[in-house]
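# Working through the structure, step by step
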Amino acid sequence: MAAPDAAARVVDALRHELAAVAASRPPATFMEVCGTHTMAIARFGLRELLPESVRLVSGPGCPVCVTAHRDLDHIVALARLPEVTLVTFGDLVRVPASRSSLAAERAAGADVRVVYSPRDAVELAAAAPERQVVFAGIGFETTAPTVAAAVLEARQRGLANFSVLSLHKTMPPPLRALLDLGETPLQGFVLPGHVSVVTGLDCYRFLADDYGVGGVVTGFAAHDVLRALIQLLQMDEPVIANEYTRAVRPEGNPVARGVLDQVFEPGDADWRGLGVIPGSGLRFKDEFAAFDAARRFTVDPGEALEPAGCRCGEVLRGVLDPAECALFGARCTPEDPVGACMVSSEGACAARYRYRGFDD
Amino acid sequence: MCLALPMRITAVADDGTATLALEGLEQRASLALLPDAVIGDYVLVHAGYALSVLTEDEAEETLTLLAALAESAAAEDAEAASGRAAGSEAPGRPAAAPEASVKDAEAGGRA
Amino acid sequence: MTDATGRQPAERGPAKPAAGPDAAAAKPAAGRLRGDRVLLGHGSGGRLYRDLVAEVFVAAFSNPVLERLDDAAILVSPGRVAVTTDSHVVQPLRYPGGDIGRLSVAGTVNDLATAAARPLALAAAFIIEEGFALDELRAICRTMRETADEAGVPIVTGDTKVVERGACDGVFITTTGVGEVVVDHELGAAAVREGDHVVLSGGIGNHAVAILAARGEFDLKTDVVSDCAPLWEMVEGVITSLGGGATGSAGAGSPSTTALRFLRDPTRGGLTTVLAELAEGAGLGVEIVEDAVPVAPGVRAVCDLLGYDPFALANEGKMLFVVAPEASERVLAALRAHPYGRDAAVIGAVTAAHPGRVALRTPFGTRRVLDMPAGELLPRIC
């Protein structure tokens, strides 16, 4: 097909190379574990470029999708407190919790604000000392250091009205949990590019060493993903490689990790679809208890209700294709979602929904 | 996740924030997580914080890749075409290749 | 009573005397307005109200029909008449590239243009918050007048209400437009055929990005300005290029004007919404070439930063045309000859495949589906 400019030609060449490499190897299934990868793959229509023998599944990489209902309910309960200004990334606003959502709470009169940066939440707190500013902290290792840095700034500025509900999680533990489950044989991982900017490569070595599964840290352009798949296919020995060398150093960003470690320590976290994984979450160190919204406020989130028929957990584990869920496209659509995989624009179901009816 | 954008640092303030620019967009971000970044650096910015300095490695790799594909595309074209006009450009080599930069590699990927 | 077409600026001049008790009030009273803010009393219909109308609205919009200060304006049109209305509640009221005044006039002129209707007259209703600065109101009326002049249309009647402080956001403006349809055939999704070309008059996303930056919710600065503009002249140029008469006569409607099938301006909901409406309405598929859709680099940068899709963003100075394929070169040339259509491009085509759905062909030759945007635009970090 025609490839009129540089990027398209590169992708075209890589597609051919991938086909050639795949032809001489057994079929393989690779898993990506980053919501932005899910988005990019959908946006570029990359699945159309893959040979038959290469399957790419989405794993638990969308921080919105993996947030458990009881945690979403906790956020909603905080938003309902009259003294609270609930500040959040846009990603969370429409996610359905057990009985409500932040959008619904806002319509009912709650003070809910959307920001692009946790620094904006700190500014809000400084500008409104009579309000309790609570930041909904979601995200993995790319985002958690930014929240930690914001907390340090709040402390340095002596703000007594700023706190964070930390629902942050780290990437390597769910990968181990997934492989332990052994539900789908995986030949390798497309590893998250921006998480790895912070973590570096070492935290993934256990994939190769303990499970014999390789991984490639991958950027977000179409050519990045194709190159990573080629590298994965060509691995004779499982290793952890870096395709995203322009942004990721093998040692990661030690300053960012230092800030993270200063404020947070590993704790248990509840992952939709995977249950509680010990040590996979980030909780505030005692020194920062004053900024921990979980300790500052006592709320009753109510009983967590999983929507009937929702199979987001299986989708997140990569064992159910979204189209196989009975609710998909019928009861559960982006306009009226049941589960988080459909709400988040990079949830596997939302990404898949865009393809329905084409080339079937 | 996560959404991060490559932007160039145009100014650094005393309070640890930097002014970043890209195509007429100007944004302030914190250098708290990347304190050694300097004016002129091309950095990845996520949620208002600079996370990493981008290097030119990729540009070189892209150029190598483009050269390689120019050869393979030429071979394909020679097989497939009969009596096709050669044209002034060698098949498969985009005119932009010599100018390829980190920005182009990123931009091409975002296309 | 004499009829007035209300559409020839050349006729502007002293108001024609008319029988009736309001004749004495036809001349604007000089300098009776006191203070610098709008008061509740200005909305009450009495003396204060008459002073506001005379010194702010009539002074700005002056034309023979308006100056009669009748409750209704009489228009004459030789052909089919189009009517449209729009409410404008933009915040901030002023932004790079425009203000609520320009928006309220251009928006309605453009809606008329989608019906291939030359604007004949506009009506403007104002709901003003008590305490609103008179100077700001005058400035808004000035830009309304400038934009209306650019579109060749007078503002012939209006209404004013003043509400308590807090009951509205500064000022809300509703404009209603009446226009004369200059083509004989039915425009619309039903006229669209397989193989038709989809032509866009220029780059998308500028208005939404300019507003976003002006609202200051995110700490960013951009050089992107709103594209807010009245497009009738540009659309008229397209119709003329197809051999159509835009002079107001019923006309035989040369066969080539039927090459124009469908026009829509991609305002709220963006290009995606217009394409979805097109596909659904026509019962046909639409395929768009992603790289062919012009997006200014400044718009692209803001979208990449916040995770927005330029296709979902509002525009206020763009028009989408669906035209017969043999006419698209002419249409493109006519658009590019106009200042508001310099970046016009053919962005796709109508197809029999995937009826009712819109597909985007990526630069890599793959396809993805374009669906209507789900709801409010939210920035992402993930």
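These numbers were taken from a predicted model, which means no experiment stands behind them.

### Some details on the overall build of chain A
Within chain A, the regular secondary structure consists of 15 helices and eleven strands. For a compact globule of 360 residues, the expected C-alpha radius of gyration is about 21 Å, and chain A comes in at 21 Å, within 12% of that figure. Projected onto its principal axes, the C-alpha coordinates of chain A cover approximately 65 × 45 × 40 Å. Per-residue burial for chain A yields a buried fraction of 59% across its 360 residues. For chain A, contacts bridging at least 24 residues in sequence account for 77% of all contacts bridging at least 6.

### Quick look at the environment of Phe297(A)
All names here are of chain A. On the secondary structure map, Phe297 appears in the loop between helix H12 (293-296) and helix H13 (312-316). Under the C-beta neighbour-count criterion, Phe297 is labelled partly exposed, with 17 such atoms within 10 Å. Sequence separation between Phe297 and Leu81 is 216 residues, and the spatial gap between their C-alpha atoms is 9.3 Å. Filtering out sequence-adjacent residues up to four positions away, Phe297 remains in contact with Leu78 and Leu81.

### A look at the sheet that holds strand E13 (residues 358-361) of chain C
Residue and element names in this part refer to chain C. Strand order in the open sheet formed by seven strands is E9-E11-E7-E12-E10-E13-E14, with mixed pairing between adjacent strands. Only two strands of the sheet have a single neighbouring strand rather than two, namely strand E9 (260-264) and strand E14 (367-370). For this sheet the average axis-to-axis angle between neighbouring strands, irrespective of direction, equals 25°. Relative to strand E12 (residues 345-351), strand E10 (residues 285-289) is paired through four bridges, and the arrangement is antiparallel. Considered in E12, the bridge of Val286 is made with Val350.

### Brief notes about helix H6 (residues 144-156) of chain A
Look at H6(A): 18 Å from first C-alpha to last across 13 residues, which is about the 18 Å you get at 1.5 Å a residue. Residue Gly158(A) follows H6(A) closely and has a positive phi angle near 70°.

### Some remarks on the pairing of strand E8 (residues 214-218) of chain A
All names here are of chain A. Counted residue by residue, E8 has five buried out of five residues, so it is predominantly covered. Alternating residues of E8 divide into Gly214, Val216 and Thr218 and Gly215 and Val217, and every residue in both groups is buried. Summarising the sheet, strand E7 (residues 188-192) and E8 pair through five bridges and their orientation is parallel. Of the residues in E8, the one forming a bridge with Leu191 is Val217. Strand direction decides the pairing type here: E8 and strand E9 (residues 240-242), joined by three bridges, are parallel. The partner of Val216 across the bridge, within E9, is Ala241. In this fold, E8 hands off to helix H10 (residues 222-234), which returns the chain to E9; that crossover is left-handed.

The rules behind these values
- Residues numbered from 1 in each chain as written.
- Chains lettered and ligands numbered in written order.
- Predicted model: local features only at pLDDT ≥ 70, side-chain atom pairs only at ≥ 80, totals over all residues.
- Helix = DSSP H or I, 4+ residues; strand = E, 2+ residues; numbered from the N terminus.
- Rg over C-alpha atoms; globule rule 2.2 N^0.38 Å.
- Buried ≥ 20, exposed ≤ 12 C-beta atoms within 10 Å, placed from the backbone.
- Contact = placed C-beta atoms within 7 Å.
- Pairing = 2+ DSSP bridges.
- Axes fitted to C-alpha atoms, helices over the stretch in contact; angles between N-to-C directions.
- Expected span 1.5 Å × (residues − 1).
- Right-handed = clockwise from strand over helix to strand, strands pointing away.

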